[in-house]
Protein chains: 2
Amino acid sequence: MKYCFLYCLLFICIASANAQQNDESVIKKIYSESLAKGKTYEWLHYLCKNIGPRLSGSPEAAAAVEFARQVMDTLQLDRVYLQEVMVPHWVRGPKEFATILNSKKIGSRQVNVCALGNSVGTGPAGIIGKVVEVKTFEELEQLGKNKISGKIVFFNRPLDATFFDTFDAYIGAVNQRGTGASQAARFGAIGVVVRSMTTLIDNVPHTGSLRYAPNVPQLPAVALSTADAELLSSLLKDDPDIQFYVQTQCKMLPDVLSYNVIGEIKGSSMPEEVVVVGGHLDSWDLGEGAHDDGAGCVQSMEVLRLFKTLGIRPKRTVRAVLFMNEENGLRGGTKYAEIAAKEPVKHIAAIESDRGGFTPREFFLEEASSGQIQKLSSWKNLFKPYGISDIRAGESGSDILPLKPMGTLLIGYVPDPQRYFDLHHTAEDTFEKVNKREIELGAAAMATLVYLLSEYGVK
Amino acid sequence: MKYCFLYCLLFICIASANAQQNDESVIKKIYSESLAKGKTYEWLHYLCKNIGPRLSGSPEAAAAVEFARQVMDTLQLDRVYLQEVMVPHWVRGPKEFATILNSKKIGSRQVNVCALGNSVGTGPAGIIGKVVEVKTFEELEQLGKNKISGKIVFFNRPLDATFFDTFDAYIGAVNQRGTGASQAARFGAIGVVVRSMTTLIDNVPHTGSLRYAPNVPQLPAVALSTADAELLSSLLKDDPDIQFYVQTQCKMLPDVLSYNVIGEIKGSSMPEEVVVVGGHLDSWDLGEGAHDDGAGCVQSMEVLRLFKTLGIRPKRTVRAVLFMNEENGLRGGTKYAEIAAKEPVKHIAAIESDRGGFTPREFFLEEASSGQIQKLSSWKNLFKPYGISDIRAGESGSDILPLKPMGTLLIGYVPDPQRYFDLHHTAEDTFEKVNKREIELGAAAMATLVYLLSEYGVK
């Protein structure tokens, strides 16, 4: 009996060591294939240069759906399908125009703006008004209707560059863009100008979505480049009567039929458990949506290609989901979760790549149990040779968040965050800003985690 | 007695916790200052755009010396001085020209080359010859004089893109550039063409130094872009009689007087122990030497500025050393060590930043004792909030290597390695390729390690 126990223990030890060795070997193959023969860069080139920006509801978004479907069709997956979803159809219209007027110091000066996504337009006549600069909603409250009514509110709280993680800086400022328009409307403002969401000081305006609150007027809102925001702020100090003119012709059209694009490799022994890996196929209309989030899409497709090319048959089902409409509606993510809830499968984990195609650094686990954190952390050593230094609690991704009520473990793929907000939601987010090795390493990191999840689950 | 012991223990515990807290607070200040008000980016802009490339012996190298001296003079250091050093003076001359001749498939085709540093030129007439492609020196040996004499040897072993660390890929290929010319000369070759040292396939040739062995003819040698190397190799397969023409007019001139630039903050309690932080001021003549190694220079000066601005008085002496002539002679590093050996101080540690101005990842300790590795590793937690994930054994930097015999702990600052060899030693190594936050984080990481070394030493 005693010997039996010892033999069992020995067997378990050897089996576990073999598994570890096998995992290391699979992971090495994944990285080598992605770095030497990866497809992410080539696919991203097509998405950025042949299709271009892919705002929800646009013809280019439809082209992106078809492109992704065709790519997945070449991968010999078990299933490739589209999932219908109605999406908002916001259009920017002709290039926006804005100018500082009647400054004592510099007279009139054209400035760099772009409409915020989902914003109403000013119409061709534009709006003109004095400017009230604030940094917080509390300031707005203190100024009150008296000081704000009939004016343009200028939200000018900068991102705090001293955060190591630029996403923390972003989170500290982005409520100005998201809800500033409705906050200002409560006090009778006629329009809103928001400092662009970047730590850089430059001439590039950053778009991004706003959400109008119910029961207050919908004000036209634009993002102003940080250099122009600094200028406007400095002029206002001596000259509070400066006027600002802005013209935007953006508008919201009726919803349009669009699609999530899904590819699947069926699990060999536990097909009813699903691991999702995804990004979002829509992008803003400026730039090419290269980092945001062309990168996440081609990486997710590459995960499937790596499995197929290397002959890795996952134990659990693996799905790449390219979500539609993350940027200004989250309809794709919402729809996917709605349908997933009715499927006879269990979504055990979902990974989203929506922080750019930069060098991999970490994975974040959103509201995971301590057991899950412990389990996934135990894989850290497998990632160490490839520059992933941590797997820890943190935010995941917008598109997979609707899966939370189903008990899915939500995972954010976290690349190096330093460059993202230089180009986020701007005309600068182009293919040229993506480094081949960095995006390939990201795909390999994601494939590795999908592999481990499909082998070992989350419990 | 027993109580006395317990009190002592308690006191030590409290003191140690206080020290840790104080260190965290100092480090936070260092990072905040560098990210919010850092000077690295501004200084690098001057170095790249006003001065430009700074090959040893060039007027621009002299300008860089003067610029660095003037910057350091503004920092209110205890001492700023120049250290004389004679440097080689190699000049590229007019733009090189090379062409594939008489290919059956494509006729003649101009290709992208640049002379390797220290190479002799072909002279205005150029050289012409058949091409023998090899991947290793063993192949060369096997082919022997018979097959090589009178021909041009084409070294075409690519960097292995499957390494995570591109420096490992570089090390696996760079002997072709460093000693290929003399190896080929042993078998009667008339010239050498070396595939560029990058994992990318593009049209950009990468220069870099070669070293001629004594007692063999000095052959002219050029780097060929990887895209052209692929082309030439594929043509040679069907058509081994292709000829190659190359014209270079580079040459070595007599040595020139130049300088290391040194700034010093004297240690408050142990001034006789010195911590060096440095980079190299010279660069290749193509591009602007932005990542290689303008970044390391401005970061090293920034370390001193951070100490002064934040009122950090180091216990040990801190020196920023901007070395001259790393690229094609290492004369500055050699001279610094020669003089250091005679100084009445002990160089306890030296950090070099010469891997580009990318996001900080690690520090490498070269041939450190296990005690030193243990000591410095114990600081890892202080770096963790700032993305430095490891302090471990690895290579340091060329300029500080000559300090090794003095028992100095040699430390390499290791940023993310993915993009470096896209632009290393090329016309692409320009200011625009440097990200403001990334280079600032590097300066802060270096300042933090210098601070800890100056507080706690290496023992």
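Residues numbered from 1 in each chain as written. Chains lettered and ligands numbered in written order. Predicted model: local features only at pLDDT ≥ 70, side-chain atom pairs only at ≥ 80, totals over all residues. Heavy atoms only, no water.

1. A short note on the overall build of chain A
No. 1: Each helix and strand in chain A was counted, giving 13 helices and 16 strands.
No. 2: Each principal axis of the C-alpha distribution contributes one length, and for chain A these read about 90 × 40 × 40 Å.
No. 3: Counting the 459 residues in chain A, one finds 60% classified as buried.
No. 4: Counting contacts in chain A only where the partners sit at least 6 residues apart, residues at least 24 apart contribute 83% of the total.
No. 5: When the accessible surface of chain A is summed, it comes to about 17600 Å², and 55% of that surface belongs to carbon and sulfur atoms.
No. 6: Across chain A, the 49 positively charged side chains and the 53 negatively charged ones have centroids separated by 2 Å. (Helix = DSSP H or I, 4+ residues; strand = E, 2+ residues; numbered from the N terminus. Buried < 20%, exposed > 50% of the residue type's maximum accessible area, 1.4 Å probe, protein only. Contact = heavy atoms within 4.5 Å. Areas by Shrake-Rupley, 256 points an atom, 1.4 Å probe, with all protein chains shown as cover. Lys, Arg positive; Asp, Glu negative; His and termini not counted. Charge placed at Lys NZ, Arg CZ, Asp CG, Glu CD.)

2. Observations concerning helix H2 (residues 40-51) of chain A
Residue and element names in this part refer to chain A.
No. 1: The end-to-end C-alpha separation of H2 is 15 Å, in line with the 16 Å expected for 12 residues at 1.5 Å each.
No. 2: Every buried residue of H2 is accounted for by Thr 40, Trp 43, Leu 44, Leu 47, Cys 48 and Ile 51. Viewed along the axis of H2, the buried residues span an arc of 125°, placing them on a single side of the element.
No. 3: Of the surrounding secondary structure, the elements contacted by the buried residues of H2 are helix H3 (59-73), helix H8 (290-309) and helix H13 (436-456).
No. 4: Gly 52 sits one or two residues past H2 and shows a positive phi near 90°. (Expected span 1.5 Å × (residues − 1). Arc of directions from axis to C-beta.)

3. A look at the relation of the copies chain B and chain A
No. 1: The two copies are related by a screw operation: chain B maps onto chain A through 180° of rotation and 0.0 Å of translation along the axis, at an RMSD of 0.0 Å. Viewed as a symmetry operation, the transformation between the two copies matches a two-fold axis. Taking C-alpha positions as reference, the residue of chain B nearest the rotation axis is Ser389(B), located at 3.1 Å.
No. 2: Both copies share a contact surface, since 100% of the interface residues of chain B are interface residues in chain A too. (Least-squares fit on C-alpha atoms with pLDDT ≥ 70 in both.)

4. Focus on the domain arrangement of chain A
Put simply, an interface is often sized by how much accessible area is lost when its parts join up.
All names here are of chain A.
No. 1: Here the domain parsing of chain A yields domain 1 (28-90 + 254-456) and domain 2 (93-249).
No. 2: Here domain 1 and domain 2 have C-alpha centroids that lie 33 Å from each other.
No. 3: Opposite the 17 residues of domain 1 that make contact, domain 2 presents 22 residues.
No. 4: Interface area for domain 1 against domain 2, summed over the two sides, is near 1700 Å², with a carbon-plus-sulfur share of 62%.
No. 5: Taken as a group, Trp 90, Pro 417 and Phe 421 account for 36% of the area that domain 1 buries against domain 2, more than any other trio of residues on that side.
No. 6: Applying the counting criterion to the domain 1 and domain 2 interface returns zero salt bridges. (Domains from an automatic or database assignment. Buried area = accessible area lost by both parts, 1.4 Å probe. Salt bridge = Lys/Arg side-chain N within 4 Å of Asp/Glu carboxyl O.)

5. Describing the interface of chain B and chain A
No. 1: Every contact between the two is made by 26 residues of chain B and, on the other side, 26 residues of chain A.
No. 2: Between chain B and chain A we count four salt bridges in total.
No. 3: For Arg419(B), the salt bridge is made with Glu438(A), and the minimal N-O distance between the two is 3.0 Å.
No. 4: Here chain B and chain A share 18 residue pairs in polar contact (both at pLDDT 80 or more) between them. (Polar contact = N/O pair within 3.5 Å; in protein donor to acceptor, adjacent residues only side chain to side chain.)

6. Quick notes on the side chain of His206(B)
Residue and element names in this part refer to chain B.
No. 1: Summarising the element assignment, His 206 is placed in the loop between strand S7 (191-195) and strand S8 (221-224).
No. 2: For His 206, the side chain forms a polar contact with the main-chain oxygen of His 424, separated by 2.9 Å.
No. 3: Dropping the residues within four chain positions of it, His 206 is found in contact with Cys 114, Leu 116, Ser 196, Met 197, Thr 198, Ala 223, Phe 421, Asp 422, Leu 423, His 424, His 425 and Thr 426.

7. Side note on the packing of helix H4 (residues 137-148) of chain A against helix H6 (residues 175-185) of chain A
Residues and elements named next belong to chain A.
No. 1: Where H4 contacts H6, the two axes come as close as 12 Å, and the packing angle between them is 30°. As far as their axial angle goes, H6 and H4 are roughly parallel. With respect to the hand of their crossing, H4 and H6 are arranged in right-handed fashion. Each of Phe 137, Leu 140 and Ile 148 in H4 lies in contact with H6, whose residues at this interface are Asn 175, Gln 176, Thr 179, Gly 180, Gln 183 and Ala 184.
No. 2: Partitioned by chemical class, the residues of the contact of H4 with H6 number four nonpolar, five polar and no charged. (Axes fitted to C-alpha atoms, helices over the stretch in contact; angles between N-to-C directions. Parallel < 35°, antiparallel > 145°, perpendicular 65-115°, else oblique. Left-handed = near helix turned anticlockwise from the far one by under 90°. Nonpolar A, V, L, I, M, F, W, Y, C, P; charged D, E, K, R; others polar.)

8. Regarding the pattern of salt bridges
When the charged atoms of two side chains with opposite charge come close together, those side chains can pair.
No. 1: Under the criterion given, the structure shown has 66 salt bridges over all chains.
No. 2: For Arg186(A), the salt bridge goes to Glu141(A), with nearest N and O atoms at 3.7 Å. Pair noted here: Arg186(A) is in the loop between H6 and strand S7 (191-195) and Glu141(A) is in helix H4, with a separation of 45 residues, a long-range link.
No. 3: Note that Arg392(B) and Glu362(B) form a salt bridge whose closest N and O atoms lie 2.6 Å from each other. Separated by 30 residues along the polypeptide, Arg392(B) in strand S15 (residues 390-393) and Glu362(B) in strand S14 (residues 360-366) bring together distant segments of the chain.
No. 4: A relative accessible area of 34% places Arg392(B) in the partly exposed class.
No. 5: Owing to a relative accessible area of 14%, Glu362(B) belongs among the buried residues under this scheme.

9. Some thoughts on the environment of Asn102(B)
Residue and element names in this part refer to chain B.
No. 1: Within the element layout of this structure, Asn 102 appears in strand S2 (residues 97-103).
No. 2: Asn 102 gets classed as exposed once you look at its relative accessible area, which sits at 52%.
No. 3: Residues Asn 102 and Arg 157, spaced 55 residues apart in sequence, show a C-alpha to C-alpha distance of 24 Å.
No. 4: If we ignore the near neighbours within four places in the chain, the residues touching Asn 102 are Gly 107, Ser 108, Asp 239 and Gln 243.

10. Points about the packing of helix H2 (residues 40-51) of chain B against helix H3 (residues 59-73) of chain B
All names here are of chain B.
No. 1: H3 packs onto H2 with a crossing angle of 155° between their chain directions and a minimal axis gap of 11 Å. Of the possible angle classes, the one that applies to H2 and H3 is roughly antiparallel. Crossing hand, H2 versus H3: right-handed. Contacts between H2 and H3 involve Trp 43, Tyr 46, Leu 47 and Ile 51 from the former and Glu 60, Ala 63, Ala 64, Phe 67 and Val 71 from the latter.

11. So, helix H13 (residues 436-456) of chain B
Residue and element names in this part refer to chain B.
No. 1: Helix length check: H13, at 21 residues, gives a terminal C-alpha distance of 30 Å against a target of 30 Å (1.5 Å per residue), a fit within 8%.
No. 2: The buried fraction of H13 amounts to 19 of the 21 residues, a majority that puts the element mostly inside the structure.
No. 3: For H13, the N-terminal cap is Asn 435; the gap from its side-chain oxygen to the backbone nitrogen of Arg 437 is 3.0 Å.
No. 4: Following H13 by one or two positions, Gly 457 has its phi on the positive side, about 65°.

12. Considerations on the side chain of Glu326(B)
Residue and element names in this part refer to chain B.
No. 1: Inspection of the secondary structure puts Glu 326 in the loop between strand S12 (316-323) and helix H9 (331-340).
No. 2: At 8.2 Å, Arg 177 is the nearest oppositely charged side chain to Glu 326, a buried residue that forms no salt bridge.
No. 3: Within the structure, the side chain of Glu 326 is placed 3.3 Å from the side chain of His 280, a separation counted as a polar contact.

13. Here we look at unusual backbone geometry
All names here are of chain A.
No. 1: Cis geometry is found at the peptide bond from Asp 292 to Asp 293, where omega equals 0°.
No. 2: Assignment of secondary structure puts Asp 293 in helix H8.
No. 3: At Asn 325, a position not held by glycine, the phi torsion is positive, near 75°.
No. 4: With respect to the helices and strands, Asn 325 occurs in the loop between strand S12 (316-323) and helix H9 (331-340).
No. 5: The class of Asn 325 is buried, set by a relative accessible area of 0%.

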